[in-house]
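Residue-level listing of the chains:
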Amino acid sequence: MTDISFSYTLSDGSAPPCRDATGAFVHTGGAPLLDRWSKGARLMEQGSSTDGARELDRCTSELDRWGMAHGAWRMGHGEDCQQCPTQCPMPNAQCPIPNTPIQNPCIQNPCIQMSRTVTYSPAHTLVPTYECFNRCTYCNFRTDPGKSPWMELAHAEKLLQALQGTGTIEILILSGEVHPQSPRRTAWFQRIYDLCELALSLGFLPHTNAGPLSFEEMARLKEVNVSMGLMLEQLTPKLLETVHRHAPSKVPQHRLQQLEWAGQLQIPFTTGLLLGIGETPDDWRDTLEAIASIHCRWGHIQEVILQPHSPGNQQTCKGSAFSAEKLPEVVALARQILPPAITLQIPPNLVQQPHLLLACLEAGGRDLGGIGLRDQVNPDYPHPHYRALAEILQPASWHLVRRLPVYPQYDTWLPVRLRTALTHWRNRIAGAPY
Ligand code: SF4
């Protein structure tokens, strides 16, 4: 059998310092990782070289991810880890961002996995246009190209002025897509840019999700967004024959490319999985591992959303809902695969039974996403009020706090103008109740 005594060295050439009494490597996902490594070795021995190599590759990339997390810890504290194996790779470490004016300075420390703090972003969504050239069968958002008037800036200004002083911080610019080759693409992009600019000028923090963009478009939007997002959904190409048959933007490799570009451009980024659209549990694992791998190259994924498919009244093909009963299992898998610094987001309007929402938190979820008047993607599932959420969380000793649409470790990636706006908001929410 292949040697699994962990002569493995990390990508920087150093040896992993954490071993158990037998000298075997141990980390947060220790036992499952060892099982999988053994399984991969067995498959190789039995002649299933493709499957075996796949398992071993997964283990190797997981070790690399651990190495990065540990490297970060060593960089911050300059000493060897004395505490492994434990649940948290930084158990007794000092917070790497002390004295920051946020309510919980450990919010993005991997120690978050030990905390009982849950965040949400007070948000409002602006939709530049509902028109979209894709036709995903589960969509409850789109209209045909040319059938949805674009949001006028004067109208947006009135909406935003009415939101001033209400506690709203994030403006999510969520748009249907105009085809990249369309003569209307430039005007569509400019409208999105202008809406971000407007939101900033009125004191809000924009976060744009407008489908796949060119590298240049992404670079320009970085000027006026504190973070951006794009759901990876699922990596498997088989969905291109079913729910994404008429959705050219959903080619998984194009979406992975977006995540890569966001990393290259140092854009704090949110992505996620759409669950229950025809994928298998192995597909979840592949998608999560792809996200982890890209994050390990660039360190820019701040959140991963785990969104259960929830049928609405407008979709062309009803399909069945992803059972919320299964969601805690997916959360646990994601927590095992993704680096600790990536926060897992659970949309509370799609997990309506309180005990299941709490189970998702126990499994590793720590964020409830943007909470506002309306979920534009799932209009049949209104957001609960944050006070109602706090009432569910508090009896189970969870503490609900507001957050900004960019996590503190990314502040220095942003242009100076955006950093000024951030400082204002960080000071405002520091120590304040939700
Ligand atoms: S889900 Fe998004 S990409 Fe697909 S049709 Fe709807 S708006 Fe377009």
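Residues numbered from 1 in each chain as written. Predicted model: local features only at pLDDT ≥ 70, side-chain atom pairs only at ≥ 80, totals over all residues.

Turning our eyes to something else, we now look at the overall build of the protein chain. Counting secondary structure elements, the protein chain contains 11 helices and 9 strands. Taking all 434 residues of the protein chain together, the buried fraction comes to 40%. Counting contacts in the protein chain only where the partners sit at least 6 residues apart, residues at least 24 apart contribute 72% of the total. (Helix = DSSP H or I, 4+ residues; strand = E, 2+ residues; numbered from the N terminus. Buried ≥ 20, exposed ≤ 12 C-beta atoms within 10 Å, placed from the backbone. Contact = placed C-beta atoms within 7 Å.)

A separate point is the site of the ligand. If you check the shell around the ligand, you find Cys 132, Asn 134, Arg 135, Cys 136, Cys 139, Phe 141, Arg 142, Gly 176, Glu 177, Gly 211, Ala 247 and Ser 249 and nothing else. Residues that form the shell around the ligand fall into these classes: 5 nonpolar, 4 polar and 3 charged. (Near = placed C-beta within 6 Å. Nonpolar A, V, L, I, M, F, W, Y, C, P; charged D, E, K, R; others polar.)

It is worth spelling out the nonpolar core at this point. A general trend in soluble globular proteins is that nonpolar side chains are found buried together. Membership of the largest hydrophobic core comes to 82 residues, with the highest contact counts inside it found for Ile 173, Leu 195, Leu 306, Val 331 and Ala 334. With 8 residues, the single largest contributor to this core is helix 4 (residues 185-201). If we skip the residues at most four places from it in the chain, Val 331 touches Leu 306, Leu 344, Ile 346, Cys 360, Ala 363, Gly 364 and Gly 365. (Core = buried A, V, L, I, M, F, W, Y, C linked by C-beta atoms within 7 Å.)

Taken N-terminus to C-terminus, the directions of helix 6 (residues 252-264) and helix 7 (residues 281-298) make an angle of 20°; their axes are 9 Å apart at the nearest point. When the interaxial angle is binned, helix 6 and helix 7 end up roughly parallel. For the element pair helix 6 and helix 7, the recorded crossing hand is right-handed. Of helix 7, the residues touching helix 6 (which contributes Leu 256, Leu 259, Glu 260, Gly 263 and Gln 264) are Ala 290, Ile 294, Arg 297 and Trp 298. (Axes fitted to C-alpha atoms, helices over the stretch in contact; angles between N-to-C directions. Parallel < 35°, antiparallel > 145°, perpendicular 65-115°, else oblique. Left-handed = near helix turned anticlockwise from the far one by under 90°.)

Right, let's talk about the environment of Ala 219 for a bit. Within the fold, Ala 219 resides in helix 5 (residues 215-222). For Ala 219, a count of 14 C-beta atoms within 10 Å translates into the label partly exposed. Placed 47 residues apart in sequence, Ala 219 and Gln 266 show a C-alpha to C-alpha distance of 9.4 Å.

All right, on to the pairing of strand 3 (residues 205-209) then. Counting buried positions over the 5 residues of strand 3 gives 4, a clear majority of the element. Looking at chain direction, strand 2 (residues 170-174) and strand 3 are connected through 5 bridges and run parallel. Bridging from a neighbouring strand, Ile 173 pairs with Thr 208 of strand 3. By the bridge criterion, 2 bridges tie strand 3 to strand 4 (residues 227-229) in an arrangement that is parallel. Considered in strand 4, the bridge of Thr 208 is made with Met 228. For the crossover that starts at strand 3, traverses helix 5 and ends in the parallel strand 4, the hand is right-handed. (Pairing = 2+ DSSP bridges. Right-handed = clockwise from strand over helix to strand, strands pointing away.)

With that settled, the discussion passes to helix 9 (residues 354-362). Restricting attention to buried positions, one finds in helix 9 the residues Leu 357, Cys 360 and Leu 361. What you see down the axis of helix 9 is that its buried residues fit within an arc of 100°, all on one side. Exposed side of helix 9, more than 90 degrees from the buried face: His 355 and Glu 362 are the residues found there. Note on helix 9: the residue one or two positions beyond its end, Gly 364, has a positive phi of about 130°. (Arc of directions from axis to C-beta.)

This part covers the environment of Ala 421. Structurally, the position occupied by Ala 421 is in helix 11 (residues 416-429). By C-beta crowding, Ala 421 is classed as partly exposed, having 19 other C-beta atoms within 10 Å.

Here the protein chain shows a mean pLDDT of 81. Residues at 70 or above account for 76%. Scored below 50 in pLDDT, residues 1-31 makes 48 contacts in the model with residues more than four places away or belonging to other chains. Every residue in residues 64-113 is under pLDDT 50, and counting partners more than four places away or in other chains gives 93 contacts. (pLDDT = per-residue confidence, 0-100.)

Our next topic: the packing of helix 8 (residues 327-337) against helix 9. Direction vectors running N to C along helix 8 and helix 9 enclose 15°, while the axes themselves pass 8 Å from each other. Regarding the angle of helix 8 to helix 9, the classification is roughly parallel. Considering only the axes of helix 8 and helix 9, their crossing is right-handed. On helix 9, the residues touching Leu 327, Pro 328 and Val 331 of helix 8 are Leu 356, Ala 359 and Cys 360.

Burial along strand 9 (residues 399-402) is one-sided: Leu 400 and Arg 402 are buried, and none of His 399 and Val 401, which face the opposite way, are. The pairing of strand 1 (residues 117-126) with strand 9 spans 4 bridges and is classified as parallel. Its bridge partner being in strand 9, Val 118 is matched across the sheet by Leu 400.

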